[in-house]
Amino acid sequence: MDHLEQLASGTGTIVVVEGDAGVGKSALLGEVAAIARRMSIRVGSAVADPGDRLVHLGALMEALFDGPTPLLERAELAEALAWPEQRYWLLRRLEALLERAALEQPVLVCLDDAQWSDGGTAAALRTLPARLATVPIAWIVALRPGPRSRELRSAIEDLERAGADRIVLGPLDQAGVTQVTADILVAEPDGELLVVAAGAGGNPALLVELIGGLREEALVRVESGRAELVQSQLPRRVSDSVRRRLDRVSESARQVAMVAAALGRSFSLDDVAAMLDQSAAVLLTPVQELIDVGMLTEREDQLAFRHDLAREAVRASAPRSLSRALDRQAAAVLLAAGALPLDVATQLAASAEPGDEVAITTLSKAAETLGASDPLAAAELSQRALQLTPGQHPLRGPLVAATAVWLHAAARGEEAKTFADAALRAVLPPEQEAIVRLGVAGMFAISHDLRAEVSREALALPDLSDDLRARHLAFLFHNLMSAGRLADAHAVSDEATSAVMASRDVAGRFVVELTESGLAYAEGRFGPALELTERALRTGLEVRDDTRRLLARQWRCEVLTVVDRLDESLQLATENVVVAQRDRQGWAHNVFENGRGRLLLQMGRLAEASVVLEARFTPDRSDEFVTVVDAAGVAALGQIALHRGDPRLARHSTEIAQVMFGQSAPSVRRHAVWFLALQAMADGDPHGAHRWLCAVGDDERTSILPRFPMDAADEARLLHIALAAGDHELAAVAAAAAQQRAHLNPEVRSVVAAAAHVTGLLTHSRDDLAEAVELYEGGGRPLALAAALEDLGIVTVDAGDSQQGVDVFGRALVLYTDAGAARDARRVRARLRGLGVRRRLVSASRPQSGWAAMTDSELGVARLVAQGYTNREVAERLFVSRHTVSGHLRSVFAKLDVNSRVELTRLAALHDSPG
């Protein structure tokens, strides 16, 4: 009741119920649903079916769209079902529809038998409750203990981390058994009867069956309010042997039961008739027998097993070989009756033998159906079809290629590459193999080094066409550059460029131009980098390489950022997010939001940057962060944590960075090492920071910077570590690199400022540090300016000018405070206290709670939400993602100490009222 009352008051909740079959989970959910309806809470319920594990979002869709009063209208999904990356956008559409429904009336979603949920439902459970945490939706998920899919296990863990209440329904204790027995018999049970009742093992469903059977078979006598056992034996209807239970019916009824168990939880009489090659009329009597003994029941126009225990027991009583044969026959019958390939894929995958053409074709078609919505399930079906396919079968090549692509799409990049390596040579001629490897080389979610190796292997194949060879050389060039292997990239640059120009391959030229831009950027030649980026974008209009064309849009933002066009970069980053949303490109949306979050960090908008990045990088997904874009996002998130003094976020970032450190690509390792060094430095351990810089080799410490993409202020941070650790060689190399970059880009103020900053640190020069401050001022990088001011203050005080030092520290304190860099602000306050000055408050600082504590972005979100807009509508008006809106809203709730939109709306009305 507490959860329902909380829901009725406008606050969402999550409950996970766990217990064995028959223990009462379904009864509990049914009672909760009934109470909720009486409280005017809208209810959607569904029971997952083991036969529907390949039906994308099957259980969730049933809960939301089926029943006498559906929570949502299916017509609202028509457009989403046609989008690419179907799961991603379908979940976003469901999120919007649920949010709108819950704002009209509180919603309860009940999912029973979730252990059989499909991958889409598991993904929904992982994402939707978190994204909809600010609206009145209650989620109750019931499932059995035991093995679960990785996706479902992760989803349940996420729900529990998010604060879900966990209820474990165990067997009834002795008092419970006594009470249930007494309730059924309306009498007090004697000792012998309770001994027999104990044979149910405390399982409520079996206990009810047992006591009911005893009563029906007159094995118990009730007199004067007391129930006594007449004969100590189990009733027939609850025999502990399925064979003995089936012995109670005719041979034809036993056959019907075995066949029905192969058809699924529910089935039609016509399908049973087809399996047995008999007319439906002939089966009426055996079906009635099974109904009479309580094994089957009627549900609308279908027959069904009375409960899952009955069906599972029937299947377990048959030899494995017989069950496989029946499953295969059931699949054939269902296909002949018009079932879709997806409807029978589970049965075929489990029952087909090698060479089964129907199974191979059906599983292949089912995989194609699932590809857009559940790529992991598609890959599993495709792999099973491949196992059934003979060596020279024409479908082997396409199945290998499709499986690799689906594994990659399911974020199993290394597995996809390993699979392709093991299977490709055995099934495809060289030209076709090279084409498939080209697809693997372009898989943006796998390691840069793995992608480069795929192209090397393809280039070693004999008799490749010029176009295919040129394309692989272009991809090799690009992946080496992205991996941070710049010398190797230079080594293949001329060959790749010549091959692409000779082949007149526009797509290859686009990749080469984009890569040349990256090389120019890495070498500090920012003007040429921007020119090459713009040229690549023009070339990209002529090709169909959506992946790299979208990445090129993000790359333009990176280059604009480094040349101090931050406002323009932010505008383009926002436009990129809008484009990704419009085109339903989920992966691109994540890349663009990642870049936008990193840009906000450089602009000193720490709270907004944290909201954008935090939920994208969690320790449980550390093994997925294998690209330089991911690594840059993790390093940025870690720096945000250090600036804000957020130990939880810093700990999470550290865990991820330590995993990233094990990656082979230097560009990824450099980001990991850099953040881990900064973390050690922030903890007051400069020698620990220096050890991290040397973790990949003493010589490598001088090449940690510049990172890719880079931050102009990094060298100053490196100087602090080098000087504190006594590594003067590293300090000199870092200073020289910054000065060389300034020489190449004299028009870029932040680059010249960074050179002056490191020179000032190296020589303890007040003039150089003052120049750095002057150059940084008005440049849109408040944290870099504050750091330069702090260092200038130190040198100024050391020179004996304490009053001027206090003024400089005061300016740094204002900048740090405005940015939300609480840890940095505490450090500067400590410096001021050392000079006898206390500045606990500055005019520009914000309080920690209340309306005045909010950032402009949080205020914008709060006001729109208080006006009744949904997260989606707010996101569209503010040109941000719904995820960002949700993050801002959580921050608003915390600052206002509220738990629901209802409370927020009330407080907003009071805050805005004239009185």
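What counts, and where the lines are drawn
Residues numbered from 1 in each chain as written. Predicted model: local features only at pLDDT ≥ 70, side-chain atom pairs only at ≥ 80, totals over all residues. Heavy atoms only, no water. Helix = DSSP H or I, 4+ residues; strand = E, 2+ residues; numbered from the N terminus. Rg over C-alpha atoms; globule rule 2.2 N^0.38 Å. Buried < 20%, exposed > 50% of the residue type's maximum accessible area, 1.4 Å probe, protein only. Contact = heavy atoms within 4.5 Å. Lys, Arg positive; Asp, Glu negative; His and termini not counted. Charge placed at Lys NZ, Arg CZ, Asp CG, Glu CD. Polar contact = N/O pair within 3.5 Å; in protein donor to acceptor, adjacent residues only side chain to side chain. Pairing = 2+ DSSP bridges. Salt bridge = Lys/Arg side-chain N within 4 Å of Asp/Glu carboxyl O. Axes fitted to C-alpha atoms, helices over the stretch in contact; angles between N-to-C directions. Parallel < 35°, antiparallel > 145°, perpendicular 65-115°, else oblique. Left-handed = near helix turned anticlockwise from the far one by under 90°. Nonpolar A, V, L, I, M, F, W, Y, C, P; charged D, E, K, R; others polar. Core = buried A, V, L, I, M, F, W, Y, C linked by side-chain atoms within 4.5 Å. Expected span 1.5 Å × (residues − 1). Phe/Tyr/Trp six-rings, centres within 6.5 Å; stacked < 30°, edge-to-face > 60°.

## Quick look at the overall build of the chain
And then number 1: Counting its secondary structure elements, the chain contains 45 helices and 11 strands.
And then number 2: Rg of the C-alpha trace for the chain: 33 Å, near the compact-globule value of 29 Å for 915 residues, within the 12% margin.
And then number 3: Within the span of the chain, comprising 915 residues, buried residues form 57% of the whole.
And then number 4: Long-range pairs, those at least 24 residues apart, make up 66% of the contacts in the chain with a sequence separation of at least 6.
And then number 5: If the 98 positive side-chain charges of the chain are averaged to one point and the 123 negative ones to another, these points end up 2 Å apart.

## Considering the side chain of Gln602
And then number 1: Tracing the backbone through its elements, the reader meets Gln602 in helix α29 (residues 586–602).
And then number 2: There is a polar contact of 2.3 Å between the side chain of Gln602 and the side chain of Arg781.
And then number 3: Residues contacting Gln602, with those up to four places away along its chain left out, are Thr561, Met710, Asp711, Gly780, Arg781 and Pro782.

## Some words on the pairing of strand β8 (residues 226–229)
And then number 1: Residues Ala227 and Leu229 line the buried face of β8, whereas the alternating positions Arg226 and Glu228 sit on a face that is not buried.
And then number 2: Pairing of strand β6 (residues 188–189) with β8 involves 2 bridges; the strand directions are parallel. Along β8, the bridge assignment pairs Pro189 with Ala227.
And then number 3: As paired strands, strand β7 (residues 220–223) and β8 are joined by 4 bridges and run antiparallel to one another. Bridging from a neighbouring strand, Arg221 pairs with Glu228 of β8.
And then number 4: In this structure, the hairpin formed by β7 and β8 is closed by a connection of 2 residues, where Ser224 is found at a positive phi of approximately 50 degrees.

## Let's talk about unusual backbone geometry
And then number 1: The amide bond that connects Leu705 to the next residue, Pro706, takes the cis arrangement and shows omega of 5 degrees.
And then number 2: Of note, the bond from Phe708 into Pro709 is cis; its omega dihedral lies within 30 degrees of zero at 0 degrees.
And then number 3: The residue Ala218 is not glycine, and still its phi comes out positive at about 60 degrees.
And then number 4: Within the fold, Ala218 resides in the loop between α9 (204–216) and β7.
And then number 5: Classification of Ala218 as exposed rests on a relative accessible area of 53%.
And then number 6: Backbone geometry places Arg504, a non-glycine residue, at a positive phi of 55 degrees.

## Side note on the pattern of salt bridges
And then number 1: Under the definition given, this model contains 42 salt bridges.
And then number 2: The partner of Glu251 in a salt bridge is Arg254, with the nearest N and O atoms 2.4 Å apart. Of the two residues, Glu251 and Arg254 are both situated in helix α11 (residues 251–263); the distance of 3 residues between them amounts to about one turn of the helix.
And then number 3: Exposure remark for Arg254: the relative accessible area of 22% places this residue in the partly exposed category.
And then number 4: Its salt-bridge partner being Glu457, residue Arg437 comes within 3.1 Å of it at the nearest N-O pair. A residue pair is termed long-range when its members are at least 10 positions apart, and Arg437 in helix α21 (residues 430–441) and Glu457 in helix α22 (residues 448–459) qualify at 20 residues. Each member of the pair Arg437 and Glu457 is classed as buried.
And then number 5: Taken together, the salt bridges that share partners define one network made up of Arg707, Asp711, Asp714 and Arg717.

## Structural notes on the packing of helix α25 (residues 506–522) against helix α26 (residues 526–540)
And then number 1: At a minimum axis separation of 8 Å, α25 and α26 run at an interaxial angle of 165 degrees. The orientation of α25 relative to α26 falls into the category roughly antiparallel. As for how α25 packs across α26, the hand of that crossing is left-handed. Taken together, the residues of α26 that come into contact with α25 (itself represented by Val506, Arg509, Phe510, Glu513, Leu514, Glu516, Ser517, Ala520 and Tyr521) are Phe526, Pro528, Ala529, Leu532, Thr533, Arg535, Ala536, Thr539 and Gly540.
And then number 2: Grouping the constituent residues of the contact of α25 with α26 by class yields 10 nonpolar, 4 polar and 4 charged.

## What to know about the sheet that holds β7
And then number 1: Reading across the sheet, the 3 strands line up as β6-β8-β7 and stay open at both edges, with mixed pairing between neighbours. Edge strands, defined here as strands with exactly one partner in the open sheet, are β6 and β7.

## As for the environment of Lys365
And then number 1: Examined against the element boundaries, Lys365 turns out to sit in helix α17 (residues 357–370).
And then number 2: Spatially, the C-alpha atom of Lys365 lies 7.8 Å from that of Leu342, the residues being 23 residues apart in sequence.

## As for the nonpolar core
And then number 1: Tyr521 and Leu693 are the most contacted members of the largest nonpolar core, which has 196 residues in total.
And then number 2: Apart from residues no more than four positions distant in its own chain, Leu693 is found in contact with Val673, Trp674, Ala677, Arg701, Ile704, Leu718, Ile721 and Leu730.

## Digging into α22
Since the α-helix advances by 3.6 residues per turn, residues separated by three or four positions end up pointing in the same direction.
And then number 1: Given a rise of 1.5 Å per residue, 12 residues ought to cover 16 Å, and the 17 Å separating the end C-alpha atoms of α22 matches this to within 8%.
And then number 2: In terms of residue burial, α22 counts as a mostly covered element, since 9 of its 12 residues are buried.
And then number 3: For α22, the set of buried residues is His448, Asp449, Arg451, Ala452, Val454, Ser455, Glu457, Ala458 and Leu459.
And then number 4: N-cap assignment for α22: the residue whose side-chain oxygen lies 3.2 Å from the backbone N of Asp449 is Ser447.

## Some thoughts on the side chain of Arg396
And then number 1: Assignment of secondary structure puts Arg396 in helix α19 (residues 396–409).
And then number 2: For the buried Arg396, no salt bridge exists, and the shortest N-O distance to an oppositely charged side chain is 11 Å, to Glu357.
And then number 3: At a separation of 2.8 Å, a polar atom in the side chain of Arg396 contacts the main-chain carbonyl oxygen of Thr389.

## Looking at the packing of aromatic side chains
And then number 1: For the structure shown, the criterion picks out 7 aromatic pairs.
And then number 2: Ring centres 5.1 Å apart and planes at 70 degrees place the aromatic pair Phe617 and Phe625 in the edge-to-face group.
And then number 3: The exposure class assigned to Phe617 is buried, which follows from its relative accessible area of 4%.
And then number 4: In this structure Phe625 comes out as buried when scored by relative accessible area, which is 3%.
And then number 5: An aromatic cluster is built from Tyr521, Phe526, Trp555 and Phe708, whose rings are joined through pairwise contacts.

## A look at the sheet that holds strand β1 (residues 13–19)
And then number 1: Spatially, the 5 strands line up as an open sheet ordered β2-β3-β4-β1-β5, and their pairing is parallel. With one partner strand each, in any of the chains shown, β2 (42–47) and β5 (165–169) form the two edges of the open sheet. The average angle at which neighbouring strand axes cross in this sheet is 15 degrees, direction not considered.
And then number 2: As paired elements, β2 and strand β3 (residues 107–112) share 6 bridges and run parallel to each other. Within β3, the residue paired with Ala46 across the bridge is Leu111.
And then number 3: Most of the contacts of helix α2 (residues 25–38) go to β3, to which it runs at about 165 degrees, and overall it touches β1, β2, β3, β4 (137–143) and β5.

Remember that the coordinates give geometry; whether it matters functionally is a separate question.
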